[in-house]
Amino acid sequence: MKKTVATIRQQKEAGDKITMLTAYDYSTARLMDEAGIDCLLVGDSLGMVMLGYEDTLAVTMEDMIHHTKAVRRGAENALVIGDMPFMSYQTSVYDSVLNAGRLIKEGGAHAVKLEGGAVVAEQIKRITEASIPVFAHIGLTPQSINAFGGFKVRGKSLEAAKQLIDDARRVEEAGAVAVVLEAIPARIATIITDKLSIPTIGIGAGAGCDGQVLVYQDMLNLYGKMRPKFVKVFSDLGPLAVGAFKTYADETKRGVFPAEEHSFSSGPTEAELAELFDY
Ligand code: KIV
């Protein structure tokens, strides 16, 4: 069944947890779609896990459009959400609508995501008015890494918790269709989930959210650099891949690969070739 913003809303109402994973390419999107994942987020985390930057700040609209197009080609049923990169919506409401439109028109996304609460409410409202569904993202917002001073849990003080709940309300009022809650205490995420009528998608926000999202390189242990506390490794593919690469190199060097079954035996006969090339 094709997933839409309406079906994920129904999932919240039915208490059916929403599944979201990040995806950045065609092949992975196909596998996730086959597994029945509801939403594929082309996150700007691609800057780190696909492009090798230290953080997400250098990611461009062109990067996002390029990867969103690939994911969309691989997603038959999943809802594809394109992340708005740093400085593609903070600069003005005009820029936000223009760039959200590019992710839909050029990237083929079904919806966009942007980071921030009350401060981006106007952007959310105007993008929504342009008929583009918006996923909000509050709590730890990686594009604010320099303002926060690192990747830290948000909402630990009473004041910060109040601010988070207020931000969640403001993005809902502005028209967001869902909100990602990143790295916040589980108790606060549950309160937000109960208070909002739109779905909450948690990442490091406990089990009380309406759905969960993970960066796929984290859940498959494919990104060696850092692993946040909230990540569960569902399959340890990183070491398996290194093992396969080593075996390939070893077999190639020893002449074991390619074997008969990996070679083509059709074409001119040995004798014909010998005559033609005189060997
Ligand atoms: O960019 C991303 O992958 C994200 C998720 C961590 C929610 O924003």
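Just so it is clear, the structure is predicted and the values come from calculations on it, not from any experiment.

Outline the nonpolar core, supporting the account with residue identities and numerical values.
In terms of nonpolar packing, the biggest core is built from 57 residues, with Leu 40, Ile 124, Leu 181 and Ile 192 touching the most fellow members. Here this core takes 6 residues from helix 8 (residues 158-174), the largest share from any one element. Membership of the second largest hydrophobic core comes to 15 residues, among which are Ile 8, Val 177, Ala 178 and Val 213.

I'd like to hear about the domain arrangement of the protein chain, residue by residue, with values.
Each assigned domain of the protein chain is listed with its residue range as follows: domain 1 (5-235) and domain 2 (240-277). Computed from C-alpha coordinates alone, the two centres of domain 1 and domain 2 are separated by 45 Å.

Explain the sheet that holds strand 6 (residues 178-182) residue by residue, including any values.
The strand order around the closed barrel built from 8 strands is 1-2-3-4-5-6-7-8, with neighbouring strands paired in parallel fashion. Averaged over all pairs of adjacent strands, the angle between strand axes in this sheet comes to 25°, irrespective of strand direction. Where strand 4 (residues 111-113) and strand 5 (residues 134-139) come together, 2 bridges link them in parallel fashion. Following the sheet pairing, Val 112 is matched in strand 5 by Val 134.

Talk me through the environment of Gly 107; I want residue IDs and the actual numbers.
Within the secondary structure, Gly 107 sits in the loop between helix 5 (93-105) and strand 4. We classify Gly 107 as buried; its relative accessible area is 2%. The spacing of Gly 107 and Glu 62 is 45 residues in sequence and 9.4 Å in space, taken between C-alpha atoms. Gly 107 has contacts with Ile 65, Thr 68, Lys 69, Arg 72 and Arg 102, leaving out every residue within four places of it along the chain.

Kindly report on the site of the ligand, identifying the contributing residues and their values.
In the neighbourhood of the ligand, the contacting residues comprise Thr 22, Leu 41, Gly 43, Asp 44, Ser 45, Asp 83, Lys 113, His 137, Val 180, Glu 182, Ile 203 and Val 215. Ser 45 is positioned such that a nitrogen or oxygen atom in its side chain is 2.5 Å from an oxygen atom of the ligand. At 3.0 Å, a side-chain N or O of Lys 113 approaches an oxygen atom of the ligand. When the ligand is considered free in solution it has 260 Å² of accessible area, and contact with the protein chains removes 96% of it. Of all the cavities here, the one that holds the ligand is the largest pocket. Classifying every residue of the shell around the ligand gives 4 nonpolar, 4 polar and 4 charged.

Summarise the packing of aromatic side chains; cite the residues concerned and give the values.
Considering all chains together, one arrives at 2 aromatic pairs under this definition. Arranged with centres 5.9 Å apart and planes meeting at 35°, the rings of Tyr 24 and Tyr 216 form a pair that is tilted. Of this pair, Tyr 24 sits in the loop between strand 1 (18-22) and helix 2 (26-34) while Tyr 216 sits in helix 10 (residues 216-219); the two residues are 192 residues apart in sequence, bridging distant segments of the chain. Neither residue differs from the other here; Tyr 24 and Tyr 216 are each classed as buried. For the pair Tyr 248 and Phe 257, a centre-to-centre distance of 6.1 Å together with 65° between the ring planes defines the contact as edge-to-face. Note on Tyr 248: relative accessible area 52%, which makes it exposed. One residue, Arg 154, lies across the ring of Phe 148, its end atom 3.5 Å from the ring centre.

For the side chain of Thr 7, give the residues involved together with the corresponding values.
Looking at where Thr 7 falls in the secondary structure, it is placed in helix 1 (residues 5-14). When residues no more than four places from it in sequence are discounted, the contact partners of Thr 7 are Met 1 and Lys 2.

Residues and numbers for the pattern of salt bridges, please.
All chains considered together, the criterion is met by 10 salt bridges. One salt bridge in this structure joins Arg 9 and Glu 13, with 3.8 Å as the shortest N-O distance. Residue Arg 9 and its partner Glu 13 are located together in helix 1, separated by 4 residues, close to a single helical turn. Classification of Glu 13 by relative accessible area gives exposed; the value is 60%. Lys 125 is the salt-bridge partner of Glu 129, the closest N and O atoms lying 3.1 Å from each other.

Mind laying out the packing of helix 5 against helix 6 (residues 121-129), listing which residues take part and the relevant values?
The geometry of helix 5 relative to helix 6 is characterised by a closest axis approach of 9 Å and an angle of 45° between their N-to-C directions. It follows from the interaxial angle that helix 5 and helix 6 lie oblique. When the axes of helix 5 and helix 6 are compared, the crossing they make is right-handed. Between helix 5, through Val 93, Ser 96, Val 97 and Ala 100, and helix 6, the contact on the second element is made entirely by Glu 122, Gln 123, Arg 126 and Ile 127. Of the residues belonging to the contact of helix 5 with helix 6, the class tally is 4 nonpolar, 2 polar and 2 charged.

What counts, and where the lines are drawn
- Residues numbered from 1 in each chain as written.
- Predicted model: local features only at pLDDT ≥ 70, side-chain atom pairs only at ≥ 80, totals over all residues.
- Heavy atoms only, no water.
- Core = buried A, V, L, I, M, F, W, Y, C linked by side-chain atoms within 4.5 Å.
- Buried < 20%, exposed > 50% of the residue type's maximum accessible area, 1.4 Å probe, protein only.
- Helix = DSSP H or I, 4+ residues; strand = E, 2+ residues; numbered from the N terminus.
- Domains from an automatic or database assignment.
- Pairing = 2+ DSSP bridges.
- Axes fitted to C-alpha atoms, helices over the stretch in contact; angles between N-to-C directions.
- Contact = heavy atoms within 4.5 Å.
- Near = heavy atom within 4 Å.
- Polar contact = N/O pair within 3.5 Å; in protein donor to acceptor, adjacent residues only side chain to side chain.
- Areas by Shrake-Rupley, 256 points an atom, 1.4 Å probe, with all protein chains shown as cover.
- 1 Å grid on protein atoms, 1.4 Å probe; cavity = no way out; pocket = protein on both sides within 12 Å on 5 of 7 lines; lining within 4 Å.
- Sits in = over half its atoms within 2 Å of the grid points.
- Nonpolar A, V, L, I, M, F, W, Y, C, P; charged D, E, K, R; others polar.
- Phe/Tyr/Trp six-rings, centres within 6.5 Å; stacked < 30°, edge-to-face > 60°.
- Lys NZ or Arg CZ within 6 Å of the ring centre and 35° of its normal.
- Salt bridge = Lys/Arg side-chain N within 4 Å of Asp/Glu carboxyl O.
- Parallel < 35°, antiparallel > 145°, perpendicular 65-115°, else oblique.
- Left-handed = near helix turned anticlockwise from the far one by under 90°.

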